[in-house]
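# Breakdown of the fold
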Amino acid sequence: MTGDEQHWVVQARNGNQHAFRQLVDANARPLHALCARITRDPALAEDAVQEAFLNAWRHLATFDGRAGFRTWLHRIAVNAALEQLRRRGRCELTTDVADVDDDFLVETETQAGPDRHAHGSEIRRHTELELGRMTALERAAFVMRHHEGHSLEEISATLSLNKNACKQAIFRAVRKLRGALQPLR
């Protein structure tokens, strides 16, 4: 947590709405990007972000500082995004547990010239389609791991999963994405 952020958190905990506004302004864009990746819907993402900030304001007194403020806020936002999906009936949460190989990275071959740009566009298109087909749990776990860089422990805590179930969700997401990108290799 930066010095300014820590200052704003302390002030906000004391009821200073201007301080909380500073925290909102500093975190709104990354939270919206996170929620949009999870919900796949800008309107639901906006609702999730608003809900996350409202919950953060209401529960600011419970923020104990063990995790960074942004980590705490991300956890609230992920839960709000998943709640938005549940409300809309789009959520298919599954928690199968199995042994998972940690080698998750999707590798793609690089090409030279204009073909590389076309190939990148095709990969993005296939990736977006496959992310839309994943369950909300798989997508949230994948986004948190590979877009946000969270640890398995942080993802497990945020999604209320044990570590093996978290690994399984990420593994299923990566397997689906690999399958979708396989024809492009």
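For the structure itself, look to the data block above.
Read on for an overview of the structure.

What counts, and at which threshold
Residues numbered from 1 in each chain as written. Predicted model: local features only at pLDDT ≥ 70, side-chain atom pairs only at ≥ 80, totals over all residues. Heavy atoms only, no water. Helix = DSSP H or I, 4+ residues; strand = E, 2+ residues; numbered from the N terminus. Buried < 20%, exposed > 50% of the residue type's maximum accessible area, 1.4 Å probe, protein only. Contact = heavy atoms within 4.5 Å. Salt bridge = Lys/Arg side-chain N within 4 Å of Asp/Glu carboxyl O. Phe/Tyr/Trp six-rings, centres within 6.5 Å; stacked < 30°, edge-to-face > 60°. Core = buried A, V, L, I, M, F, W, Y, C linked by side-chain atoms within 4.5 Å. Polar contact = N/O pair within 3.5 Å; in protein donor to acceptor, adjacent residues only side chain to side chain. Expected span 1.5 Å × (residues − 1). Arc of directions from axis to C-beta.

## A word on the overall build of the protein
Along the backbone of the protein there are eight helices and zero strands. Put simply, the protein runs from its N terminus to its C terminus through helices and strands in the order α-α-α-α-α-α-α-α. Across the 185 residues that make up the protein, the buried fraction comes to 42%. Sequence-distant contacts, at least 24 apart, represent 71% of the contacts inside the protein between residues at least 6 apart.

## Focus on the pattern of salt bridges
Counted by the stated rule, this structure contains 12 salt bridges. Ionic pairing is found between Arg-37 and Glu-148, a salt bridge with its closest N-O pair at 3.3 Å. Remark: Glu-148 occurs in the loop between helix 6 (136–147) and helix 7 (152–159) and Arg-37 occurs in helix 2 (residues 17–39); sequence separation between them is 111 residues. The class of Glu-148 is partly exposed, set by a relative accessible area of 24%. Arg-87 serves as the salt-bridge partner of Glu-83, at 3.6 Å between the closest nitrogen and oxygen. A residue pair is termed a helical-turn pair when its members lie 3 or 4 positions apart in one helix, as Glu-83 and Arg-87 do in helix 4 (residues 69–87) at four residues. In this structure Glu-83 comes out as partly exposed when scored by relative accessible area, which is 27%. Given the relative accessible area of 49%, Arg-87 is considered partly exposed.

## Observations regarding the packing of aromatic side chains
Enumeration according to the criterion identifies five aromatic pairs in this entry. The interplanar angle of 85° and the centroid separation of 6.4 Å between the aromatic rings of Phe-20 and Phe-53 together place this pair among those described as edge-to-face. Separated by 33 residues along the polypeptide, Phe-20 in helix 2 and Phe-53 in helix 3 (residues 42–58) bring together distant segments of the chain. Each member of the pair Phe-20 and Phe-53 is classed as buried. A centroid spacing of 5.6 Å and a plane angle of 90° characterise the contact between Phe-63 and Phe-69, whose relative ring orientation is edge-to-face. On the basis of relative accessible area, Phe-63 is assigned to the buried category, the value being 4%. Accessibility expressed as a relative area gives 1% for Phe-69, which makes it buried. One aromatic cluster is present, formed by Phe-20, Phe-53 and Trp-57 through successive ring pairs.

## Looking at the nonpolar core
Core analysis: the largest hydrophobic core is formed by 52 residues, its most contacted members being Phe-20, Ile-38, Phe-69 and Leu-159. Looking at this core, the elements with two or more residues in it are helix 1 (3–13), helix 2, helix 3, helix 4, helix 5 (114–133), helix 6, helix 7 and helix 8 (163–181). The element contributing the most residues to this core is helix 4, with 10 residues. In this view, Phe-20 contacts Ala-12, Phe-53, Ala-56, Trp-57 and Leu-60; residues no more than four positions away in its chain are not counted.

## Topic: the environment of Thr-39
Note that Thr-39 resides in helix 2. Residue classification places Thr-39 among the buried residues on the basis of a relative accessible area of 2%. Here the side chain of Thr-39 touches Asp-41 through a polar contact of 3.1 Å, landing on its backbone oxygen.

## Let's talk about helix 8
Between its first and last C-alpha, helix 8 extends 27 Å over 19 residues, near the 27 Å set by a 1.5 Å rise per residue. Listed in full, the buried residues belonging to helix 8 are Ala-165, Cys-166, Lys-167, Gln-168, Ala-169, Ile-170, Arg-172, Ala-173, Val-174, Leu-177, Ala-180 and Leu-181. Capping of helix 8 at its N-terminal end is provided by Asn-162; its side-chain oxygen lies 3.0 Å from the backbone amide nitrogen of Asn-164.

## A closer look at helix 7
Within the sequence span of helix 7, burial applies to Leu-152, Ile-155, Ser-156, Thr-158 and Leu-159. The buried residues of helix 7 all sit within an arc of 165° when viewed along its axis, so they share a single face. Its buried side turned inward, helix 7 meets helix 4, helix 6 and helix 8. Remark: Ser-160 follows helix 7 within two positions and exhibits a positive phi of approximately 55°.

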